[in-house]
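Coordinate inspection notes
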Amino acid sequence: MTAIAPDRDTRDSHLAEVELQRHLSTTWGSASGVWGALSNVDHKVIGRRYIVTAFVFLALGGALSLAMRLQLSQPEARFIGPDRYNQIFTMHGTNMMFLFAVPVMEAMAVYLVPLMVGTRNIAFPRLNAFSYWMFLAGGILLWVAFAIDTGPDVGWFAYVPLAGPQYGTGKRADIWAQMITFTEISALAVSLELVVTIFKQRAPGMSLNRIPLFVWSMLVTSFLVILAMPAIMIASTSLILDRLVGTHFFNPAEGGDVLLWQHLFWFFGHPEVYIIFLPAVGMVSTIVATFTQRPVFGYLAMVMALITTGVLAFGLWVHHMFVAGLPRLGESFFTASSMAIALPAGLQIFCWLATIWWGRPIFKTPFLFVLGFIFTFVIGGMTGVMVASVPFDTQVHDTYFVVAHFHYVLVGGALFPLLGAIYYWFPKFTGRMMSERLGKWVFGLIVVGFNLTFFPMHILGLQGMPRRIYTYQPEMLWGGLNMFISLSVLILTAGFLLFFIDVVRSAFHGRPAGANPWRASTLEWATPSPPPCYNFQRVPVVSDSVPLWSDGEVLSVASGLRVDRRELLVTGVVDASPEARESSPGHSVWPFWTALATTIVLIWSIFTPWAVVWGAIPVAIALTGWFWPKGTPEDES
Amino acid sequence: MLRTHKRPSNSLFWSLAIAAGVAVAAAISARKALQRLDSCTPVCDSGTKPAQTIGSASGIRTRDRLGMLTAFALCLGAAALLGYIREPLRLRQDPAVTSELEKIRLMPNGISGAPPNIDFALGQPYEGASYNLAQGKRLYSWFGCATCHGDGQGGKGPSFLDGWWLYGPEMVSIVSSIRDGRPHGMPPFKDRIPIEQIWQLAGYVQSIGAYQAKVAAPGRNDAKQTRPAENRAPASILFEPVPTLVHPDQGPNP
Amino acid sequence: MKPLILFCLVFPTILSGCSGSQSALDAHGVSAIHLKGLMAGFFWVCTFVWLLAILTLVYALMRSRLWEAPTQSDGRWTRIVVAGAVAATALVITVLTIASFYTTRAIDESGGDAITIVVKGEQWWWRIRYPNPDKSLEFETANEIHIPVGQDVRLELESADVIHSFWVPSLAGKQDLVPGRSNTLLIRAERPGIYRGQCAEFCGLQHSHMAIFIVADDAKSYAGWLASQQIDRTAAMDDEALAGQTVFLAKPCAACHTVRGTSASGTTGPDLTHVGSRRTIGAGLIETTRGSLAAWIADPQTLKPGNNMPMVPLTSDELRQVSRYMDNLK
C-alpha cells in the first residue's frame, strides 16, 4: 500500500454548498442516452419507471374490464365469444394483481423509502435495476401472448385440472405460470432491498420508534413478500413441470392432489392481498398526518397493527377453499382467523379517526382520497366479515358478491390511497403540483363511479349470478342491474381518464412546487423537488419521528462521507447509530444483460426443459460480468 | 372458390421478436420524454427554480409528446397486427369446409396420398393446433379406441408407439383408417364420427406416434401413468426394432 | 337508492317462478332458509358498524371548526375509546363466528334417512344417476334432478374432468365437484317448485351455460316421475318418430348417447331415454320443444360454442324426423 495523501479534501465535511453539490452531482449522476437508461441504478429513476409502467398496465387492464362490461351489459350478448372472454377476464385479474397492484406499491417504496430514511440510494441498486427489467419482460410476455390469442384463459388463479396438462390446451397456462416467475423474482428482489435499506441505512437518530409509518408498512410488506412469494413460485413451477415434463404433482390417480394447487396458490394468494393493502395503509397514515397537521394517533398501536396483520395474513388462506370439501371443523378455524384480522384493521381505522378528530383537516385532494378510502374500504371490510363465515360463503363464493367484496377492498383499500399518494407525492417526483380543481373532479368521478359500478354486484351475487360467465340467460332477470353497472363503469372510466390527463398536463404545466408544499413532517420533504441525484447534500440526523415539524427550518446533518465516490452511511438496526461508511455501486449495464439472459431462459423453458440447462450459460456469463470488479472507486471499499 | 392464404410457420417466434423490437423502440422514445423530468444535469440544481430544469423550448416538448404518441400507436398497431396474424380459435368448421374435408385422395393401395386443398387453406390445423389435438385426445377415449389400441401401446390392434406405421404416418392415411376401416379388425367409423372429429382424432393419433415432440401436443393424462406424455415424443422413446405383430397378413396388400 | 334496491330484490323473485328461482334471497330449502337468516343478521350488524364508523368520521371532520389543541387527558380518554372500540369489535366478531358455527352445524344435520343421488360434473353438463339396490331400477338422466318435498336428499358429487361446483341457491349453499374426491351436499326442499342452479366454479368454455334444475314434487308426483324414468319407453311412436329412431341409430348420435331399449348405448353424452320430458336441453340453455331440439341438433356449436357435441350433417328430412323422435322420448 502506497502512502496516500489524507482524504480530507474528498469528504463532505469541509466543502461549501456549491462545491459540494458539484462533487456530488458528478459522483452520483448518471449518463444520458440509451446507454444511460439501460445502466441507471438511481432508485428514483427506476422507481419512476416502475410507477409509469405499472400505470400503463392499469390502463390496459381497465380497457379489458370495459370489454367485459360491454359483453355483460345484455343477456346472451354476442360481442365477445367464450374463448376470448375467458382470456380477457384471466388477463384482467392477472394483470391487475401481478403487473399493477404489487409492482406499483413496490415502486412507490423504491422511490420513497430511501428518501424517507435519509439515505442516498436503495440497498443493492443493481438488483433494483434488474428487478425492473424482469417486471417489464414479464408484462410484455403476458400482453404479447394475449395479443396473439395465446393469452391464459384459466382464470388468474389457474385451478388444476383446468390449467393442468390434460385440460389446459396449448401454451396458455405455461405463459401464465412463467409470467408469475418474472414478477415474483422482481418483487422478491425489491423486498430484499427494502428490508436491508430500512434496517441498515437509516439516518442516524432514526431509531425503530421514529421510523415513518409508511416505511414500517413497507417493511412488513417486504417480509410478507419474502415469505409468501416462494409458495406461488413452487406452485407455478410444479404446474409447468406437470404440463411440460409429465410430473404428477396435481394428478390424483398417481398420488397427487387437485387441492394441493389450491393450498399452495392461496397460501400465497391471501398474503398477496395484504402485500397490496399494507403499503396503502402506510400511505393513508402519511396523508392523514400531513393533512391534519399532527402525527398519527397511537404510533405503537399502528405499528403493532401492521405486524399483527402481516402475521395473521398467513393464517387465512383456506377461506378461499370453503366449498372445496374440506372438513368443516378445520374450515371453521379459518372463519375465526379471517374475522380476527378485522381487529388490527379496525384498530388502524380507529387511530386514523382519532387523528382526524384531534387534528385540523385540510381538504385537499390527497385527503379526499383518504376519506374515500375510509368510506369504501370499511364497506369492503364488512363484506369481508360476511364472506369469512363458512355458511355465508357457501352461498356467495364464486358469485358477483365476492367480486364486489374484493373490488371494494382492493380499489377502495389500495387504489384510492394510491391515487391520493400520487397527488401527494407528485410535487416531490416532478417539482410541480397537480391541479387541485381537476383533482376534486377525479376524486368525485372515481368514488361515485366506483360505488355505482360495484355496489349492485352485491345484489347480483345474492340473486344467483356466478362469476366468470361470459353471458347469462334473459330469463334470469339480471339484465337490468348489469346494464346499470355497465353504464356506471363509464363514470369510473371518465374519472381515470381525467386522472391521466391531469398527470400528463401537470408534469409539463403544473404550478412549480417547493421542497415542502404540504408542510409535511417526513425527511423526503427536506430535499428539493424533484430530489437531486444524491438525495441529500449531507446525511440528515433526526431526533424524533416528525423531524421537519420539530426541527423547523434547520435540520441537523452528519458529515464525513466521501464525495469522490458513491458512499452512504450504514447504521444499526435498532437505534440507527452510525456504524460504517459503505460504498454504493455505480451505474452498470449488467443488470440489463442478466435480465435479458434470464428472460431467454424462462421463455425458452415454456417450450422445452433443456432450456434450463443451455440457458444457464448466458445467465452465468451475465452474472460474472455483473460481479467482476471494474476498478471503479467504489470497488476499493 | 375458397380463399387460400399461407400462414407463416414459426409465427409465434416472429411475432414475439417483432413485439420485443417495438417495445424497445417504445421504451426508448418514452425515456426521452421522461429524461426531461430528470434533474441530473452535470450541475444539479438546488431546486430554487425547478421550472428551469424542466421547462424548455416548446419545440422539444411537442417533439417528445409526438414521440410518445408514436411509440404508443406503434405498440397498438403491432398488437393488432399480431392478433390478425394469429387466427382465433375455430370451434367448428362451416359445413362447406367439412364436406371438403371428406375429399381425401388416396393411392390405389390405400396407403398415403394427398390431403384435400382445404387442409392447406386452413393452415393444417389438425396437425398443429393444440385445441384440435386436445379434442382428438378426448375422442380417443370417448370412442373406445383404447379397447384395441390401449393407451397407444397396442393390444388387439397395432401399437402407435413402437415407431412403426403400418399405413404411413400422414394425416390422409390415418383419416382413411379411421373413416373407412382397415382389414383384419379396424372398423370404419364413417357413420359413427363426423369427419371433422375424425381429422381431430387423426391428428392426435399422429402425435402419439410422433418422433419429434410437437409444441402443440397435449400433456399427460390426469390418470395412471402408463406411457410418456404425448409432448415427450413417445415414439422416439419407445421405438421397437420390429412392429408389434397383429396379424400375419397385416399390411398394404392383405 | 334504497327503494331501488328493495325493488330489485323483490321483483325478480316474483317473476322467476316460470324459469325456476335462482336466488339466495328466495329461500325454499332448509339450508337456504338457515343461511338467509344468517345473512340477514350479518347484514344488519355490519351496516350498523359501518354507519357508526362513517358518522364518527363525519363528526370528526365537522368538528374541526371548534379546533383546540388536545390535552393530556384528551389523549388518555381517546386511548380508552379506541381500546373500547377494539374490544367491541372483538365481541362482535366473536358473536358472528359463533353464529356461523351454529349455522354450519344446522345445515349439515340430516333429519332421517336420505335419498342418495349421484351427480357427476362433466364439461359442460350434469350426469345424474339414481342408484338403487335393484340394479334394473337404476337409471341415468342429465341436467335435471327430481326430489320429493320435505325429505333429505344426499347428493354425492364427483367430477369426470375439471372442478365444477353444484349450486342451487334457493335450496342450499354450494359444494365443489373435485376430481379425485367425492364430496357430499345435503338438501331438503320445504316447498314444491322448480329451483335453478348453475355451475359455480370456472370450468372452461361453457361454464356460463351449465345450469341444473331441481324439481321438488310432492311424494306422489315424485314416485310417478321415478317410475316413468325407470322404464325404457313411455310414449308410443308414430311413423315420423320411428323414422327418426332409424336415423338416430344410423348416424353418429348413437355412438355418444344412450336411449335405453334401443341399441344406442354411448356414454360420452347425456342419456336421452327421456329427454323430451326434461324442461331444458343443453344444460339449461333452451326450453325443450321440438323446434329447439331441431335447432340444437342442427348446430350445437352456434348455440353453445365450444361444447363437446359435434355438428352432424343431416338432411332436412332427417332433422325433422330426429327432432320428432327426440321430442317423443318423454
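Parameters at a glance
- Residues numbered from 1 in each chain as written.
- Chains lettered and ligands numbered in written order.
- Predicted model: local features only at pLDDT ≥ 70, side-chain atom pairs only at ≥ 80, totals over all residues.
- Heavy atoms only, no water.
- Helix = DSSP H or I, 4+ residues; strand = E, 2+ residues; numbered from the N terminus.
- Buried < 20%, exposed > 50% of the residue type's maximum accessible area, 1.4 Å probe, protein only.
- Contact = heavy atoms within 4.5 Å.
- Areas by Shrake-Rupley, 256 points an atom, 1.4 Å probe, with all protein chains shown as cover.
- Lys, Arg positive; Asp, Glu negative; His and termini not counted.
- Charge placed at Lys NZ, Arg CZ, Asp CG, Glu CD.
- Polar contact = N/O pair within 3.5 Å; in protein donor to acceptor, adjacent residues only side chain to side chain.
- Phe/Tyr/Trp six-rings, centres within 6.5 Å; stacked < 30°, edge-to-face > 60°.
- Buried area = accessible area lost by both parts, 1.4 Å probe.
- Salt bridge = Lys/Arg side-chain N within 4 Å of Asp/Glu carboxyl O.
- Nonpolar A, V, L, I, M, F, W, Y, C, P; charged D, E, K, R; others polar.
- Expected span 1.5 Å × (residues − 1).
- Pairing = 2+ DSSP bridges.
- Axes fitted to C-alpha atoms, helices over the stretch in contact; angles between N-to-C directions.
- 1 Å grid on protein atoms, 1.4 Å probe; cavity = no way out; pocket = protein on both sides within 12 Å on 5 of 7 lines; lining within 4 Å.
- Points joined across faces, edges and corners; volume = space filled by probe spheres on them.
- Core = buried A, V, L, I, M, F, W, Y, C linked by side-chain atoms within 4.5 Å.
- Domains from an automatic or database assignment.
- pLDDT = per-residue confidence, 0-100.

1. Quick notes on the overall build of chain C
On a plain count of helices and strands, chain C comes out with nine helices and twelve strands. With respect to the principal axes defined by its C-alpha atoms, chain C has extents near 95 × 45 × 40 Å. Across the 330 residues that make up chain C, the buried fraction comes to 54%. Sequence-distant contacts, at least 24 apart, represent 64% of the contacts inside chain C between residues at least 6 apart. Total accessible area computed for chain C in this model is approximately 13800 Å², and 63% of it derives from carbon and sulfur atoms. Separation between the mean location of the 28 positive side-chain charges and that of the 30 negative ones in chain C comes to 7 Å.

2. Topic: the side chain of R562(A)
Relative to the helices and strands, R562(A) is located in the loop between β2 (557–558) and β3 (567–571). Side chain to side chain, R562(A) and D564(A) meet in a polar contact 2.8 Å long.

3. A closer look at the packing of aromatic side chains
Residues and elements named next belong to chain A. With the rule as written, the count across this model stands at 70 aromatic pairs over all chains. For the pair F98 and W156, a centre-to-centre distance of 5.8 Å together with 55 degrees between the ring planes defines the contact as tilted. Remark: W156 occurs in the loop between α5 (125–147) and α6 (172–200) and F98 occurs in helix α4 (residues 82–117); sequence separation between them is 58 residues. Classification of W156 by relative accessible area gives buried; the value is 12%.

4. Focus on the interface of chain A and chain C
With 82 residues of chain A at the contact, the number on the chain C side is 85 residues. Surface buried jointly by chain A and chain C totals about 7200 Å² across both partners, of which 71% is contributed by carbon and sulfur atoms. If you sort the residues of chain A by the area they bury against chain C, W357(A), W358(A) and Q395(A) come out on top, with a joint share of 12%. Here D108(C) and R328(A) are joined by a salt bridge, their closest N and O atoms 3.1 Å apart. Secondary-structure elements contributing two or more residues to the side of chain A that touches chain C are α4, α8 (258–292), α10 (328–340), α11 (342–358), α12 (365–388), α13 (390–396) and α15 (436–462) of chain A. Considering every element that reaches the side of chain A that touches chain C, the biggest residue donor is α12(A), with nine residues. Residues that form the side of chain A that touches chain C fall into these classes: 53 nonpolar, 17 polar and twelve charged.

5. Focus on the side chain of H257(C)
All names here are of chain C. Mapped onto the elements, H257 comes out in the loop between α6 (253–256) and β11 (280–281). Taking the relative accessible area as the measure of exposure, H257 reaches 12% and is therefore buried. At 2.8 Å, the side chain of H257 and the backbone oxygen of P270 are in polar contact.

6. With respect to the environment of F213(C)
If you trace the backbone, F213(C) turns up in strand β10 (residues 211–217). Spatially, the C-alpha atom of F213(C) lies 8.3 Å from that of H146(C), the residues being 67 residues apart in sequence.

7. A closer look at α10(A)
With 13 residues, α10(A) should reach 18 Å at 1.5 Å per residue; the first-to-last C-alpha distance of 18 Å fits that figure. Among all positions of α10(A), only E331(A), S332(A), F334(A), T335(A), S337(A), S338(A) and M339(A) are buried. Buried residues in α10(A) make contact with α11, α12 and α13 of chain A together with α2 (30–62) and α3 (72–108) of chain C.

8. Re the sheet that holds strand β5 (residues 153–159) of chain C
Residue and element names in this part refer to chain C. Spatially, β3-β2-β1-β5-β8 is the arrangement adopted by the five strands of the open sheet, whose pairing is mixed. Since the sheet does not close on itself, it has two edges, and those belong to β3 (139–142) and β8 (183–187), each with one partner. Going from strand to strand, the sheet's axes swing by 25 degrees on average, the running direction of each strand aside. Contacting β1 (115–122), β2 (125–130) and β3, helix α4 (residues 219–230) runs over the sheet at an angle of about 105 degrees to β3.

9. Section: empty space enclosed by the protein
Evaluated as defined, the whole model comprises 13 cavities of 30 Å³ or more. Within this model, the largest cavity holds a volume of roughly 830 Å³. Every residue lining the largest cavity is counted, 47 residues in all, and those nearest its centre are H257(C), P270(C), W296(C), N307(C) and M309(C). Looking at the lining of the largest cavity, the elements with two or more residues in it are α7 (130–142) and α10 (195–208) of chain B together with α6, β11, α7 (290–298) and α9 (316–328) of chain C. For the lining of the largest cavity, the leading source of residues is α7(B), giving five residues. Partitioned by chemical class, the residues of the lining of the largest cavity number 27 nonpolar, 13 polar and seven charged.

10. Digging into the environment of L347(A)
Inspection of the secondary structure puts L347(A) in helix α11. For L347(A), a relative accessible area of 18% gives the class buried. Residues L347(A) and G298(A), spaced 49 residues apart in sequence, show a C-alpha to C-alpha distance of 9.6 Å. Contacts of L347(A), omitting those with residues within four sequence positions, involve A301(A), A305(A), V82(C) and V86(C).

11. Overview of the pairing of β1(C)
Residues and elements named next belong to chain C. In terms of residue burial, β1 counts as a mostly covered element, since six of its eight residues are buried. When β1 meets β2, the two strands line up antiparallel, connected through five bridges. The residue bridging E122 from the neighbouring strand is W125, located in β2. Between the antiparallel neighbours β1 and β2 lie two residues.

12. Here we look at unusual backbone geometry
If a residue is not glycine, its phi is most likely negative; likewise, a peptide bond is most likely trans. Here the bond from S529(A) into P530(A) is cis, since omega is -10 degrees, no more than 30 degrees from zero. Secondary-structure assignment places P530(A) in the loop between α16 (479–509) and β1 (539–540). With an omega dihedral of 10 degrees, the bond running from Q123(C) to W124(C) counts as a cis peptide bond. Within the secondary structure layout, W124(C) lies in the loop between β1 and β2. Here A158(A), not a glycine, exhibits a phi torsion of approximately 45 degrees, which is positive.

13. Examining the nonpolar core
Residues M108(A), I145(C) and F166(C) are the most contacted members of the largest nonpolar core, which totals 265 residues. In terms of residue count, the dominant contributor to this core is α4(A) (23 residues). Mapped onto the domain boundaries, this core takes at least three residues apiece from domain 1 (23–107) and domain 2 (115–230) of chain C. Excluding residues that lie within four positions of it along the chain, M108(A) makes contacts with I51(A), V113(A), F214(A), M283(A), L418(A), A421(A), I422(A), W425(A) and F429(A). Listed in part, the 30 residues of the second largest apolar core include V97(B), A121(B), W199(B) and A255(C).

14. Brief notes about the domain arrangement of chain C
Each assigned domain of chain C is listed here: domain 1 (23–107), domain 2 (115–230) and domain 3 (239–328). Relative placement of domain 1 of chain C and domain 3 of chain C: their C-alpha centres are 55 Å apart.

15. Some points on the confidence of the model for chain C
Residue and element names in this part refer to chain C. When the pLDDT values of chain C are averaged, the result is 90; 93% of them are 70 or greater. Summarising per-element confidence for chain C, the mean pLDDT is lowest in helix α1 (residues 2–15) (50) and highest in strand β6 (residues 164–166) (97). Among the scores for the predicted complex, ipTM is 0.92 and pTM is 0.91.

16. Quick notes on the pairing of β10(C)
All names here are of chain C. Burial runs high along β10: seven of the seven residues are buried. What you see with β10 is no split at all: A211, F213, V215 and D217 on one side and I212, I214 and A216 on the other are buried throughout. In this structure, strand β4 (residues 144–148) lies alongside β10, joined through five bridges in parallel fashion. Pairing of P148 across the sheet is with D217, part of β10. Strand direction decides the pairing type here: strand β9 (residues 193–198) and β10, joined by six bridges, are antiparallel. Within β10, the position partnered with Q198 by the bridge is A211.

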